[in-house]
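Given next are the chains, with one letter for each unit.
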Amino acid sequence: MTNEYSYFGFSYVNRMAKNDTSGPALANAADISVIVVYFLVVLAVGIWAMVRTNRSTVGGFFLAGRSMVWWEIVHRSNYLSFISLRVCVFQALVVVVILGWLFVPIYIKAGVVTMPEYLKKRFGGQRIRIYLSVLSLFLYIFTKISADMFSGAIFINQALGLNIYLAVILLLLITALYTVTGGLAAVIYTDALQTVIMVVGSFILMGFGFHEVGGYESFMDKYMEAIPKNTTGISPECYEPRPDSFHLFRDPITGDLPWPGLIFGLTIQATWYWCTDQVIVQRCLSAKNLSHVKAGCILCGYLKLLPMFLMVFPGMISRILYPDVVACVVPEICQEECGASVGCTNIAYPKMVVDLMPNGLRGLMLSVMLASLMSSLTSIFNSASTLFTMDIYTKIRRHAKERELMIAGRVFILVLIGLSIAWIPVVQSAQSGQLFDYIQSITSYLTPPIAALFMLAIFCKRVNETGAFWGLLIGLVIGLSRMIAEFAYGTGSCVEPSVCPTIICGVHYLYFSIILFTISCIIILSVSVMTKPIDDKHLYRLCWSLRNRTEERIDLEQDDWVNDADADSVDEDEHREEPGVCKKALMCFCGLEQENAPKLTKEEEAELQKKLTDTSEVPLWRNIVNANAIILLCVAVFCHGYFA
């Protein structure tokens, strides 16, 4: 029986394959109980994290007091975007090692909180810092947040039949609650809980899926035969599985993911995401010491092996089980099945969850998907708040007190919530396949110059501010030219290809990333060589060749934010009034208690700063993490070879 729902033009078809009943799939006591318990546990963990950490300081709120251990700083990309995971999971194994062993030591020695702050210390001036801050916020709002909300909306509609606005607003409010109040510590601890839930639930679903298709060998055979019944007037290449579907390395000319682009182009994008993106690096900066950073990166690498088996393969199994829905190609049928004429691949995973999982476990899997959505959103909210507060607000309010920065960061999260909700109609009206194509285009065409800049900033001390700025600017113009062309012509589909001229859109986006990265490097190096270099005294511990210098570094520019807490503390003590009970409770809940922190002498402040920028390691643990890094790289080589 088929039951069709429609909210604000967003329709979907919910088929209960197991019991042939209509209505929301999770309208039973077992599933609802699991979901309620899940949310209660997550909120409890978030509140516990709020209580145990100091959230009234910049370091406490944005970096969790730099007290996180290795298992707490594990990073995860968005598990919901399983369509693209098949090409990026193995790249991450290599790049996370580069992150922990090459990039993070420099960030720690530089004593920075944000990536734009590092570029300001490295090059001086403000234009590069502002450029990166604004671009990062743009990417967060219009790619990551929108993709997370859209992916979550698909699953919620499939499982619950809730109004998309109501569902997303409730999720945003819940995630904002412990992000605003708890800071990075609450985000990290709830992420740790959600990672366990996601892994367990995904393993269960994978078992159900392989049981349905008869094992791995049968899965490979049946996938190549998974063809929809209705293909009237459609070319076979649009509905038949690609002959290289199970190959990682594909033809360099005709492949949908050519192997040179996979190796080099995707590595460039992975370097930007893992090594320079605020969401990822901020977690590393919260670690207790460098050994914990490296151990966290290793664990992250091993976890990145799982999506291939827990998300990609189940998504392919869904095509086998429901070829007429997941593999539909006739636009009218696709529109009827999932509300998107370009195809229904985005509902592959949630449809299998709804149809295969028994009561209770289905609720667990909804919790899994909601966990991923909430995890991604909380990380983005906290990192975007950090960027705004430390790189934009401090320019407006140079002498703002630390408490004011904490309030500004929390208010900006609420602004992000409003922008995210306002973006829902755009996400909802966009065709699902095109939306993900657009998001991929944005990151492919805007981020290679950033990856080039960070790599050269760290490993080539000759690069200066003039070269860095013009490399970013020209790279941005080139990337925007390609991106705007694709937006104007549309990405199209196999049934209705885009009419974008070959000279503009004919180059694969991974190849374009390589070209743009190369051009940016050439411009940065060429302009830097033709202009005045930066003296070494300004670069101590900011680039690789000078990372171990112990001399005092002379900053090219004063910090934007000057903490005047000591100067104002006496005056505050004289005029401070005892707050009322309600205000005191609110301040305590938000971590803004007005407490008199002990004053530190200059020697104590210097010692504290030295501790925060220390990258020394205990020899035993250093050897252990180094050995594990070598093992992880060997695993990466094996996986590339096995699936090549």
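Definitions and limits used
- Residues numbered from 1 in each chain as written.
- Predicted model: local features only at pLDDT ≥ 70, side-chain atom pairs only at ≥ 80, totals over all residues.
- Heavy atoms only, no water.
- Helix = DSSP H or I, 4+ residues; strand = E, 2+ residues; numbered from the N terminus.
- Areas by Shrake-Rupley, 256 points an atom, 1.4 Å probe, with all protein chains shown as cover.
- Disulfide = S-S within 2.5 Å.
- Buried < 20%, exposed > 50% of the residue type's maximum accessible area, 1.4 Å probe, protein only.
- Axes fitted to C-alpha atoms, helices over the stretch in contact; angles between N-to-C directions.
- Parallel < 35°, antiparallel > 145°, perpendicular 65-115°, else oblique.
- Left-handed = near helix turned anticlockwise from the far one by under 90°.
- Contact = heavy atoms within 4.5 Å.
- Nonpolar A, V, L, I, M, F, W, Y, C, P; charged D, E, K, R; others polar.
- Phe/Tyr/Trp six-rings, centres within 6.5 Å; stacked < 30°, edge-to-face > 60°.
- Lys NZ or Arg CZ within 6 Å of the ring centre and 35° of its normal.
- Salt bridge = Lys/Arg side-chain N within 4 Å of Asp/Glu carboxyl O.
- Polar contact = N/O pair within 3.5 Å; in protein donor to acceptor, adjacent residues only side chain to side chain.
- Expected span 1.5 Å × (residues − 1).
- Patch = residues over 30% accessible without salt bridge, like charges linked within 9 Å, V, L, I, M, F, W, Y side chains within 5 Å.
- Core = buried A, V, L, I, M, F, W, Y, C linked by side-chain atoms within 4.5 Å.
- pLDDT = per-residue confidence, 0-100.

Visitor: What is the right way to look at the overall build of the chain in this model?
Guide: The helix and strand inventory of the chain stands at 25 helices and two strands. A total accessible area of about 26,800 Å² is found for the chain, and carbon and sulfur atoms account for 65% of it.

Visitor: Sorry, what's going on with unusual backbone geometry here?
Guide: In most cases, non-glycine residues show a negative phi, while peptide bonds are predominantly trans. Phi angles above zero are rare outside glycine, and arginine 541 is one such case at about 65 degrees. Position of arginine 541 relative to the elements: it lies in the loop between helix H21 (509–530) and helix H22 (565–575).

Visitor: Is there a simple way to explain the state of the cysteines in this structure?
Guide: Here a disulfide denotes one covalent bond, and it connects the sulfur atoms of two cysteines. By the definition in use, this model includes one disulfide. Unpaired in terms of disulfides, cysteine 297 finds its nearest cysteine sulfur in cysteine 284, a separation of 4.4 Å. In this structure cysteine 543 is a free cysteine whose sulfur lies 8.8 Å from that of cysteine 460, the closest cysteine sulfur available. A relative accessible area of 0% places cysteine 543 in the buried class.

Visitor: How do you make sense of the packing of helix H19 (residues 465–489) against H21 when you look at a structure like this?
Guide: Packed helices, taken two at a time, are described by the angle between their axes plus the distance between the axes. The N-to-C vectors of H19 and H21 enclose an angle of 155 degrees; their axes lie 8 Å apart at closest approach. Taken together, the axes of H19 and H21 are roughly antiparallel relative to one another. You can see that H19 and H21 cross each other, and the crossing is right-handed. Side by side, H19 and H21 meet where Thr466, Gly467, Ala468, Trp470, Gly471, Ile474, Gly475, Ile478, Gly479 and Arg482 of the first sit next to Tyr509, Phe512, Leu516, Ile519, Ser520, Ile523, Ile524, Val527 and Ser528 of the second. The residue inventory of the contact of H19 with H21, partitioned by class, reads 11 nonpolar, seven polar and one charged.

Visitor: Help me understand the environment of alanine 295, please; the structure alone is not making it clear to me.
Guide: Here alanine 295 shows up in helix H10 (residues 290–303). With a relative accessible area of 18%, alanine 295 lands in the buried category. Separated by 333 residues in sequence, alanine 295 and asparagine 628 place their C-alpha atoms 8.4 Å apart.

Visitor: Teacher, can you tell me more about the packing of aromatic side chains here?
Guide: How two aromatic rings sit relative to each other is given by the distance of their centres and the angle of their planes. Taken as a whole and assessed by the stated rule, the structure comprises 21 aromatic pairs. Ring geometry for tyrosine 216 and phenylalanine 313: centres 5.9 Å apart, planes at 55 degrees, overall tilted. With tyrosine 216 in helix H7 (residues 216–224) and phenylalanine 313 in helix H11 (residues 306–321), this pair connects stretches of sequence that are 97 residues apart. Accessibility expressed as a relative area gives 30% for tyrosine 216, which makes it partly exposed. Look at phenylalanine 388 and tyrosine 393: their rings are 6.2 Å apart centre to centre, the planes differ by 45 degrees, and that puts the pair in the tilted class. In terms of burial, phenylalanine 388 and tyrosine 393 fall into one category: buried. Stacked on the ring of phenylalanine 469, the Lys or Arg arginine 127 has its end atom at 3.8 Å from the ring centre.

Visitor: Just checking my understanding: could you explain the pattern of salt bridges for this structure?
Guide: If the charged atoms of two oppositely charged side chains come close together, the side chains can form a pair. Here the structure, examined in full by the defined rule, presents eight salt bridges. Salt-bridge contacts for aspartate 355 lead to lysine 351; the nearest nitrogen and oxygen are separated by 3.3 Å. With aspartate 355 and lysine 351 both in helix H14 (residues 348–356) and four residues apart, this pair spans about one turn of that helix. Summarising the burial analysis for this pair, aspartate 355 and lysine 351 share the class buried. Between aspartate 555 and arginine 553 there is a salt bridge; the shortest N-O distance is 3.2 Å. Its relative accessible area of 14% is what places arginine 553 among the buried residues.

Visitor: Explain helix H4 (residues 115–123) here, please?
Guide: Think of an α-helix as 3.6 residues a turn; residues three or four steps apart then line up on the same face. Counting buried residues in H4 gives nine out of nine residues, a clear majority hidden from the surface. For H4, the complete set of buried residues consists of Met115, Pro116, Glu117, Tyr118, Leu119, Lys120, Lys121, Arg122 and Phe123. Here H4 starts with a cap whose side-chain oxygen sits 3.1 Å from the backbone nitrogen of glutamate 117, and that cap is threonine 114. Where H4 terminates, the next one or two residues include glycine 124, which has phi positive at roughly 80 degrees.

Visitor: So what exactly am I meant to see when it comes to H19 here?
Guide: Here H19 spans 36 Å end to end across 25 residues, near enough to the 36 Å set by a 1.5 Å rise per residue. The residue sitting at the N-terminus of H19 and contributing the capping side-chain oxygen is asparagine 464; that oxygen lies 3.4 Å from the backbone nitrogen of threonine 466.

Visitor: I'm lost on a nonpolar patch on the surface in this one. Help?
Guide: On the surface, a cluster of nonpolar side chains totalling about 290 Å² of accessible area is made up of Ile407, Val411, Val415 and Leu419. Tracing the chain through its elements places valine 415 in helix H16 (residues 402–429). Overall, valine 415 belongs to the partly exposed group, its relative accessible area being 40%.

Visitor: Sorry, what's going on with the nonpolar core here?
Guide: Soluble globular proteins: nonpolar side chains tend toward being buried together. Within the largest apolar cluster, 74 residues are counted, with the highest numbers of intra-cluster contacts made by Leu99, Tyr107, Tyr118, Phe123, Trp274 and Phe454. The next biggest cluster of nonpolar side chains, apart from the first, holds 50 residues, and it includes Phe210, Leu248, Cys328 and Met365.

Visitor: Explain the environment of isoleucine 504 here, please?
Guide: Its place among the elements puts isoleucine 504 in helix H20 (residues 502–505). Taking the relative accessible area as the measure of exposure, isoleucine 504 reaches 33% and is therefore partly exposed. Spatially, the C-alpha atom of isoleucine 504 lies 8.9 Å from that of serine 481, the residues being 23 residues apart in sequence. With residues near it in sequence (within four places) discarded, isoleucine 504 still touches Arg482 and Ala485.

Visitor: Looking at this model, I keep getting lost on the packing of H10 against helix H25 (residues 619–643). Mind explaining?
Guide: At a closest axis distance of 10 Å, the pairing of H10 and H25 adopts a crossing angle of 25 degrees. Between H10 and H25, the crossing angle belongs to the class labelled roughly parallel. Viewed along their axes, H10 and H25 form a crossing whose handedness is left-handed. Here Ser291, Lys294, Ala295, Ile298, Gly301 and Tyr302 of H10 come into contact with H25, specifically with Trp621, Arg622, Val625, Asn626, Asn628, Ala629, Ile631, Leu632 and Val635. Of the residues contributing to the contact of H10 with H25, the split by class is nine nonpolar, four polar and two charged.

Visitor: Please explain the confidence of the model for the chain as it appears in this structure.
Guide: Interpretation of the predicted coordinates at a detailed level should be avoided for regions scoring low in pLDDT. Per-chain confidence: the chain averages 75 in pLDDT, with 70% of residues scoring 70 or above. Across residues 76–87 the pLDDT falls below 50, and counting only partners more than four positions away or on other chains, this stretch makes 45 contacts in the model. Segment residues 565–574: pLDDT under 50, and seven contacts once partners within four positions in sequence are set aside and those in other chains are kept.

Visitor: Even after reading the chapter, I still don't get the side chain of glutamate 617, so can you show me in this structure?
Guide: Mapping glutamate 617 onto the fold places it in the loop between helix H24 (602–612) and H25. A polar side-chain atom of glutamate 617 sits 2.9 Å from a polar atom in the side chain of serine 291. With sequence-adjacent residues up to four places away left out, glutamate 617 is seen in contact with Leu290, Ser291, Lys294, Arg622 and Val625.

Visitor: Explain the environment of valine 326 to me, please; I cannot follow it from the model alone.
Guide: In this structure, valine 326 sits in helix H12 (residues 323–326). Residue class for valine 326 comes out buried when judged on its relative accessible area of 4%. Through-space distance from the C-alpha of valine 326 to that of asparagine 346 is 8.0 Å; in sequence the pair is 20 residues apart. If we skip the residues at most four places from it in the chain, valine 326 touches Ser318, Arg319, Cys344, Thr345 and Ala348.

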